[in-house]
Amino acid sequence: MDINGKLYRKFLERNAAYEQQNGKDAAKKQHSKGKLTARERIELLFDAGTFDEIDAFTRTAPAESNFGKVVTAYGDGVIIGHGKIKGRTAFIYSQDFNVMGGSLGSVHASKIAKIQDMALKMGAPIIGIIDSGGARIQEGVASLAGYAGIFRRNVFSSGVIPQISVIMGPAAGGAVYSPSITDFVFMTNKTSHMFVTGPNVVKEVLNEDVSFDELGGAEVHMKKSGVANFVYEDEENTLRGVIKLLSYLPSNNMENPPAIEACDTNIEPAPQMLEIVPDDPNKPYDIKEVIRLLVDKDTFFEYAENYAQNIVVGFGRLKGRTIGIIANQPKVLAGTLDINSSTKAARFIRFCDSFNIPILTLEDVPGFLPGIDQEHNGIIRHGAKLLYAYADATVPKVTVILRKSYGGAYCVMNSKNLGGDFNFAWPTAEIAVMGPEGAVSILYRKELIESEDPAKLKKELAKRYREEIANPYVADEKGFIDEVIDPAVTRRKIIYAFEALENKHVTSPSRKHGNIPL
Amino acid sequence: MKNIQHKETEFIALTPKNTRYKIKNLFTDSLKINHKKLDIQIFDDENGFTYLLYKNKKYHAEIIEKNQNKYIVLINGVSYTFTIETPFSYQRKKYLDKQKPKNKVEVVQAPMPGKIIDVLVEPGAEVKTGEAVIILEAMKMQNEIVSPVDGKIVKVYVRQNDIVNKDDLFLEIAR
């Protein structure tokens, strides 16, 4: 058959028109703003030549009145399709700011919904690249209905397939809620913004002057609000980050996370471990050094590294297998648990549990952060989220107590009775209801008042308390700790513990769902 | 689109002072830096140390830090900081640098109530991101408060042994 013949004319014309639409002019517009085009982003994300687009030639729905300008470009401002990322199938929608500002009309929305349905049915991750002016005003309620349909699918897919949102331009109003439901939010610094109401409305309603960046820039969401989990300086690195994240995750909740074959199998003792944690319990150290020594070389991938830094959370590998890591950070806020660190860790645990990723907890926590600010903002109910997430998780759970483990924080951080499968402690561990100074002030209040040298007596009593109560051996003898281990062999211990737990199976009572304290 | 994939083999190493080194064929044996072909080999010895071999001389090398595309490497005891940019990310950087508001003042506040054990900087001192500026004792821990930016200390509001509340002003840094 003649490919240039009559029968093929329309086919060729359409293709040529679409090429033109995505051509140099489109690229120029985005590049001048420091952004890539919707299609360039897709090409960078997927393995070369594996992306296939669907519904490329859909047309914008006709507006009911002639309000505003209607454009007759193909695609209605979003590219959808599927392809391979490092050999594994993934689905994508990528909003095209060049077509009607990437605004969400009814056809645009139904395209996103179509690809969401496909991803869920096929059990493969879905990635949304957001660069959109928001709901399309001309289409009115139809575009709002479109958003609602997307949100519903986001919720249905939650815990079934990994959902990743990549913000590479504006995301305003309703557009922010789809990313906030998804598992991970990536943002590109300086050129992406997220807010429920923009600076103009803030100015009108509250008379406050605020810039796009100050209100909802990547920096704000990475450090203050915690909305963005990964922030990169440019779009190419952002997309590389997405590829890296996906390498740790299974495609759906029925699979186990992918294991790497060529991996770090070294399980030799690491004597350096003994030098990281200082002898003086009042001296801080960087828990990330411990994490890096425990996991396979260069495999630690931190989540939300600039938010609630008193808890360090992320993925790593043990002999090639993915684990999730939750670790108190003594370097920041003394490693206390506060509202932000509790919610950050809780959400991460929920993700790991949904997708069969075992959880390693490294504990050095003096307790919950005291204070009016924390109590009045609800540390009770936010701390409960972390507790709930740990207790509810049925994946293998291993805890190592490095140093402090006091009070309520001991219970919360995956203690034995909360459901920890293996609980180890280093000989430096202090496990008790409260620290030595606090405890002796309560237990020997009268003696301390009557004493001639209260400071000396207090010191002596604190020493005795440490020897008799605040150590790992009491807990070990009572079975709350499975083993007190040499810090140098921690890596070997946790690798064998997770291997022993490989076929862990838990049946929960039948119910619609639990009621997590949201 | 194919252009982007193709261009990816060309990179730019950019120093903090905006000196550019164009690097071609990064992952091959025929490495080109600023259009000059160089013969550099990298190898590890049995103790796990890494060396660069260039013109028959051995240089001890170590990657101190790698964060996204920012690297700090140590070669023969001298540390070098640079970022690796693609042609597009370099264009983007130039475009964004033009828009950057200058002379912005950053404030450092108390993250929690406590007692100042030590103030490590004076007005006029240059600080780097992550450098400790104040030691705050709180929750029975000597917490290092670090500078959030590269810059110059403008004003210090606290002294040794001061008791501070959450969000009390510590210092101002101009970047």
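As the structure is a computational prediction, the values presented were derived from the model and not from experiment.

**Considering the overall build of chain A**
Each helix and strand in chain A was counted, giving 21 helices and 17 strands. Burial statistics for chain A: of 518 residues in total, 53% are counted as buried. Partitioning the contacts of chain A with sequence separation of at least 6, the portion at a separation of at least 24 is 73%. Entry remark: accessible area of chain A is about 23800 Å², with carbon and sulfur atoms responsible for 54%. Averaging the coordinates of the 60 positive side-chain charges in chain A and doing the same for the 64 negative ones gives two points 5 Å apart.

**Details of the confidence of the model for chain B**
Residues and elements named next belong to chain B. Taken residue by residue, chain B gives an average pLDDT of 83. The fraction at 70 or more is 91%. For chain B, helix H1 (residues 2-7) is the element with the lowest average pLDDT, namely 43, and strand S11 (residues 114-119) is the one with the highest, namely 92. Note on residues 1-8: pLDDT under 50 across the span, and 14 contacts to partners over four residues away in sequence or across chains. Listed scores for the predicted complex are pTM 0.90 and ipTM 0.77.

**Digging into the environment of Pro 284 of chain A**
Assignment of secondary structure puts Pro 284 of chain A in the loop between helix H11 (273-276) and helix H12 (287-294). Sequence-wise, Pro 284 of chain A and Arg 511 of chain A are 227 residues apart; in three dimensions their C-alpha atoms are separated by 44 Å. Not counting residues up to four positions away in its chain, the partners in contact with Pro 284 of chain A are Pro 278, Pro 330 and Lys 331 of chain A together with Met 141 and Gln 142 of chain B.

**As for the sheet that holds strand S15 (residues 151-156) of chain B**
The strands making up a sheet associate through hydrogen bonds between their backbones, and the pairing can be parallel or antiparallel. Residue and element names in this part refer to chain B. In spatial order, the strands read S10-S17-S15-S12; together these 4 strands make up an open sheet with antiparallel pairing. The two strands at the open ends of the sheet, each matched to only one other strand, are strand S10 (105-109) and strand S12 (126-127). Where S15 meets strand S17 (residues 169-174), 4 bridges bridge the pair, whose relative direction is antiparallel. Note that in S17 the partner of Ile 153 across the bridge is Ile 173.

**Here's the deal with the domain arrangement of chain B**
Each assigned domain of chain B is listed with its residue range as follows: domain 1 (10-87) and domain 2 (102-174). The C-alpha centroid of domain 2 of chain B is placed 35 Å from the C-alpha centroid of domain 1 of chain B.

**A few points about a nonpolar patch on the surface**
All names here are of chain A. A cluster of nonpolar side chains, contributed by Val 433, Met 434, Ile 442 and Leu 443, occupies part of the molecular surface with about 410 Å² of accessible area. Along the polypeptide, Met 434 turns up in the loop between strand S16 (430-432) and helix H17 (436-443). Met 434 gets classed as partly exposed once you look at its relative accessible area, which sits at 31%.

**Focus on the environment of Arg 492 of chain A**
Residues and elements named next belong to chain A. Considering the arrangement of structural elements, one finds Arg 492 in helix H21 (residues 490-500). By relative accessible area, which is 30% here, Arg 492 ends up partly exposed. Taking the C-alpha atoms as reference, Arg 492 lies 9.9 Å from Thr 265; in sequence the two are 227 residues apart.

**Section: the pattern of salt bridges**
Residues and elements named next belong to chain A. Under the defined criterion, the tally for this structure stands at 30 salt bridges over all chains. Notably, a salt bridge pairs Lys 288 with Glu 302, separated by 3.0 Å at the nearest N-O pair. Highlighted residues: Lys 288 in helix H12 and Glu 302 in strand S10 (residues 301-303), separated in sequence by 14 residues. Per residue, the accessibility class of Lys 288 equals that of Glu 302, and both read buried. Here Arg 491 and Asp 296 are joined by a salt bridge, their closest N and O atoms 3.0 Å apart. Taken as a pair, Arg 491 in helix H21 and Asp 296 in the loop between H12 and S10 lie far apart in primary sequence, 195 residues in all. By relative accessible area, Arg 491 is classed as buried at 7%. Through salt bridges that share partners, Lys 35, Arg 41, Asp 131 and Glu 235 make up one connected network.

**What to know about the domain arrangement of chain A**
The accessible area lost on association of the parts is a frequent measure of interface size. Residue and element names in this part refer to chain A. For chain A, the domain assignment lists domain 1 (35-246), domain 2 (271-429 + 471-500) and domain 3 (435-469). For domain 1 versus domain 2, the separation of C-alpha centres amounts to 34 Å. Across the contact, 20 residues belong to domain 1 and 12 residues belong to domain 2. With both chains or domains summed, domain 1 and domain 2 bury close to 1300 Å², and 66% of this area falls on carbon and sulfur atoms. For the pair domain 1 and domain 2, the interface holds 0 salt bridges. Counting across the domain 1 and domain 2 interface gives 4 residue pairs in polar contact (both at pLDDT 80 or more).

Conventions we followed
Residues numbered from 1 in each chain as written. Chains lettered and ligands numbered in written order. Predicted model: local features only at pLDDT ≥ 70, side-chain atom pairs only at ≥ 80, totals over all residues. Heavy atoms only, no water. Helix = DSSP H or I, 4+ residues; strand = E, 2+ residues; numbered from the N terminus. Buried < 20%, exposed > 50% of the residue type's maximum accessible area, 1.4 Å probe, protein only. Contact = heavy atoms within 4.5 Å. Areas by Shrake-Rupley, 256 points an atom, 1.4 Å probe, with all protein chains shown as cover. Lys, Arg positive; Asp, Glu negative; His and termini not counted. Charge placed at Lys NZ, Arg CZ, Asp CG, Glu CD. pLDDT = per-residue confidence, 0-100. Pairing = 2+ DSSP bridges. Domains from an automatic or database assignment. Patch = residues over 30% accessible without salt bridge, like charges linked within 9 Å, V, L, I, M, F, W, Y side chains within 5 Å. Salt bridge = Lys/Arg side-chain N within 4 Å of Asp/Glu carboxyl O. Buried area = accessible area lost by both parts, 1.4 Å probe. Polar contact = N/O pair within 3.5 Å; in protein donor to acceptor, adjacent residues only side chain to side chain.

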